[in-house]
Amino acid sequence: MDIIIIEDEKPAARRLQRMLTKMNIETQIMLHSVAEAIDWFNNNKHPDLIFLDIQLSDGLSFEIFEHVKINSAIIFTTAYDEYALKAFKLNSIDYLLKPIDQEELEAAISKFRNTQQQKDNINMNELRSLLTQSTNDKAYKTRFTAQVGQHLKLVEVSDIACFYSENKATYIHCYSGRNYPIDIPLEQLEDDLNPEKFYRINRKCILNINAIRDIVSYTNSRLEIKLENFSEFQLIVSRERVKDFKTWLDQ
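Definitions and limits used
Residues numbered from 1 in each chain as written. Predicted model: local features only at pLDDT ≥ 70, side-chain atom pairs only at ≥ 80, totals over all residues. Heavy atoms only, no water. Pairing = 2+ DSSP bridges. Helix = DSSP H or I, 4+ residues; strand = E, 2+ residues; numbered from the N terminus. Axes fitted to C-alpha atoms, helices over the stretch in contact; angles between N-to-C directions. Buried < 20%, exposed > 50% of the residue type's maximum accessible area, 1.4 Å probe, protein only. Polar contact = N/O pair within 3.5 Å; in protein donor to acceptor, adjacent residues only side chain to side chain. Contact = heavy atoms within 4.5 Å. Phe/Tyr/Trp six-rings, centres within 6.5 Å; stacked < 30°, edge-to-face > 60°. Parallel < 35°, antiparallel > 145°, perpendicular 65-115°, else oblique. Left-handed = near helix turned anticlockwise from the far one by under 90°. Nonpolar A, V, L, I, M, F, W, Y, C, P; charged D, E, K, R; others polar.

Residue-level account of the sheet that holds strand β11 (residues 169-174), with values.
Within the open sheet, the five strands sit side by side as β12-β11-β10-β14-β13. Their pairing is antiparallel. Strand pairing shows two members of the sheet lacking a second neighbour, β12 (179-182) and β13 (198-200), which therefore form its edges. Strand after strand, the sheet turns through a mean of 20° between neighbouring axes, direction not considered. The sheet contact formed by strand β10 (residues 160-166) and β11 spans six bridges and is antiparallel. Within β11, the residue paired with Ser-165 across the bridge is Thr-170.

Given below as structure tokens:
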């Protein structure tokens, strides 16, 4: 069978590839982001089966289906809690909970061979809703600690306009215009912040919806965001995120 793996954590993707090899199933294609997957599906024959991580480096994997019609069977790989996993099962969606177990992988492959489940049977909007419900009770961070010289400064989330990365470092940008370095990558911050208030517009920035001063059309169907007291660089919503960003604004 023709299989691809879409997983932003390359070690996890290689581990899954090795586990499939033990089953005499070869996987040559591994993709690591929403943008990479969209480009690949637009230019290649679609596989029989996709192992699909839900949270990718540049957004949720559901964004892929907003740009490309995919009829491949899908096995989700996810770290979401039991509530969501039970919902997946009730909706006849195969899933593997990370870290993936060899026996569970074999069972998922067996189910695929028996049912040849197609993507058309998957309601992506319903699945997105289930994931949102499963994280409603999650406790998000309310403050961060930043190093200022020899001192530690507590910064309340309510005072933060955005988080951004520059020169391999992560910074907090406050409404006051002050910037503070923190030792947390943007990828981890996405899990620490309430998604109703914070959105990652591109690889460099996560912004607070309350800090948006203006939204302007930009080249190539992108958007430029204006924040209070932010002048480090232009804040551009990447093209593949524009549709999801607009949905986020309206929720």
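Talk me through the side chain of Ser-33; I want residue IDs and the actual numbers.
Along the chain, the position of Ser-33 falls in the loop between β2 (29-31) and α2 (34-43). Residue class for Ser-33 comes out buried when judged on its relative accessible area of 8%. Side-chain polar atoms of Ser-33 contact the backbone nitrogen of Glu-36, separated by 3.0 Å. Not counting residues within four places of it along the chain, the set of residues in contact with Ser-33 comprises Leu-56, Ser-57 and Asp-58.

Hey, could you go over the packing of aromatic side chains for me, with residue numbers and the actual values?
In this structure the tally under the stated criterion is ten aromatic pairs. Centre to centre, the rings of Tyr-164 and Phe-230 are 5.5 Å apart; their planes meet at 80°, and the pair counts as edge-to-face. Linking Tyr-164 in strand β10 with Phe-230 in the loop between β16 (222-227) and β17 (235-237), this pair joins segments that are 66 residues apart in sequence. Under the relative-accessibility criterion, Tyr-164 is labelled buried at 3%. When its relative accessible area of 12% is taken as the criterion, Phe-230 is described as buried.

I'd like a description of the packing of helix α1 (residues 10-22) against helix α5 (residues 102-115), backed by residues and values.
In the contact formed by α1 and α5, the axes pass within 11 Å of each other and the chain directions differ by 70°. Of the possible angle classes, the one that applies to α1 and α5 is roughly perpendicular. Crossing geometry of α1 relative to α5 is assigned as right-handed. Contact with α1, carried on its side by Leu-16, Met-19, Leu-20 and Lys-22, involves Gln-102, Leu-105 and Ile-109 of α5 and no other residues of that element. Partitioning the contact of α1 with α5 into residue classes produces five nonpolar, one polar and one charged.

Can you break down the pairing of strand β8 (residues 143-148) residue by residue, with the values?
As paired elements, β8 and strand β9 (residues 151-156) share six bridges and run antiparallel to each other. Within β9, the position partnered with Thr-145 by the bridge is Leu-154.

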